[in-house]
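# An overview of the molecular structure
As a plain string of letters, each chain reads:
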Amino acid sequence: MLKVNDIRFESAEHVIQEIRNMNVKGGSPFGRAAAWAYKLACDQEVFSNREELQNRLDYLSSEMLELKPTMATIYNSKNLVYALLEANIDAEVLEIQEKISKLCQKIIDVSLEAVEKLGQFGGNIIQDGETVFMHSYSSALMSVFIHAAKQGKRFTVICTESRPLRESRLAAQILQSYQISVIYITDASAWEFMPKADYIMVGADTITFDGSVANKMGTALISKLAKMCNKKVFIASEIYKIDLRTKEGYQVRLERRTIEEMIQKGDFDSLDGIEVINQFFDLTPADDIHSIICEFGVIHPSTVGEYWGKLEKFIMEAAR
């Protein structure tokens, strides 16, 4: 029984189930969950040869990426595991399993350390008496607020619901537990309440190579409103959320979810002529972002790609 982000994963299949049930929340936890899926498969399952192992990894990868296509952290965990697989083409399958398990543990540890470190940097930004505007749930963002609270700072967070699933309820509960003052509002109230904030802080699910950010639907709109209100937008995110494919022109796939999350039986007599779209993520241009708060410090969005090589080398060294 292994624990990540308050979820106990019992097997690789259990990881898939928890992702499908929306019990894994936030880009960082998704990357760690992917690493756990690969690690648990290698620790618990028996493979007669390399081909069987490859087929199992392929299955886990396809399931996770189909469920959460916007999450670069899942792709990055997959990419590092497959790079290790290729680098050990002549090794015995049991040796490969052991190396993958060790690599995945490193991915998890580095991610947790990164969220802790960026929380310290972000906590330094927040000052006594300030009001911060946030949208949706992010474990990295929670780390920022928790560190600021632990420094003894008293501040207020304006927290949108984040429709349709209202993930911000979890954020509000966490903030409440640290005696952080919360103003909980509807998404549509953003324009009304933004002038009361000193700046905006949100998380990220994926960062493109140019510094743009994919996050929960509404983030791009809030960032545009922030620019009109002359408010800075900070993104709290570990560098592991960079989607390396965007460097080669790949466009981030912005997830859409089932319409049953938006409408209920009886809302309409008929859907004839009505197209219901549950767009779950949007893309905030780098130009609308002031800084990214990451484990390397508070950096300009255009510089995010410079840090990947160092991070990748550090992680991969664990499997040697």
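### Section: the pattern of salt bridges
- Overall, the coordinates contain 15 salt bridges when judged by the stated rule.
- Taking the shortest distance from any N to any O, the salt bridge between D43 and K39 comes out at 3.2 Å. Taken together, the positions of D43 and K39, both in helix α2 (residues 27-44) and four residues apart, correspond to about one turn of that helix.
- Since its relative accessible area comes to 44%, D43 is described here as partly exposed.
- The residue R166 makes a salt bridge to E161 at a minimum N-O spacing of 3.9 Å.
- The partly exposed category is assigned to R166, whose relative accessible area is 29%.
- Members of the salt-bridge network, linked through shared partners, are K68, E255, R257 and E261.

### Looking at the packing of aromatic side chains
- In this structure the tally under the stated criterion is five aromatic pairs.
- Centroid distance F145 to F155: 6.1 Å. Interplanar angle 35 degrees. Geometry classified as tilted. Taken together, the positions of F145 in helix α6 (residues 139-150) and F155 in the loop between α6 and β4 (156-160) put the pair 10 residues apart, joining distant regions of the chain. Across the pair, exposure class does not vary: F145 and F155 are buried alike.
- Seen from their ring centres, Y240 and W308 are 6.0 Å apart, and the 25 degrees between their planes marks the pair as stacked. You can see Y240 sitting in the loop between β9 (233-236) and β10 (256-257) and its partner W308 sitting in helix α10 (residues 308-316), a full 68 residues away along the chain.

### Remarks on the sheet that holds strand β8 (residues 213-216)
- The sheet built from three strands is open, its strands ordered β7-β8-β12 with antiparallel pairing. Strands with a single pairing partner mark the edges of an open sheet, and in this sheet they are β7 (206-207) and β12 (281-284).
- Pairing of β7 with β8 involves two bridges; the strand directions are antiparallel. What sits directly across from T206, in β8, is A214.
- Contacts from helix α9 (residues 219-228) reach β8 and β12 within the one sheet, and its direction differs from that of β12 by about 35 degrees.

Each value, and the rule that gives it
Residues numbered from 1 in each chain as written. Predicted model: local features only at pLDDT ≥ 70, side-chain atom pairs only at ≥ 80, totals over all residues. Heavy atoms only, no water. Salt bridge = Lys/Arg side-chain N within 4 Å of Asp/Glu carboxyl O. Helix = DSSP H or I, 4+ residues; strand = E, 2+ residues; numbered from the N terminus. Buried < 20%, exposed > 50% of the residue type's maximum accessible area, 1.4 Å probe, protein only. Phe/Tyr/Trp six-rings, centres within 6.5 Å; stacked < 30°, edge-to-face > 60°. Pairing = 2+ DSSP bridges. Contact = heavy atoms within 4.5 Å. Axes fitted to C-alpha atoms, helices over the stretch in contact; angles between N-to-C directions.

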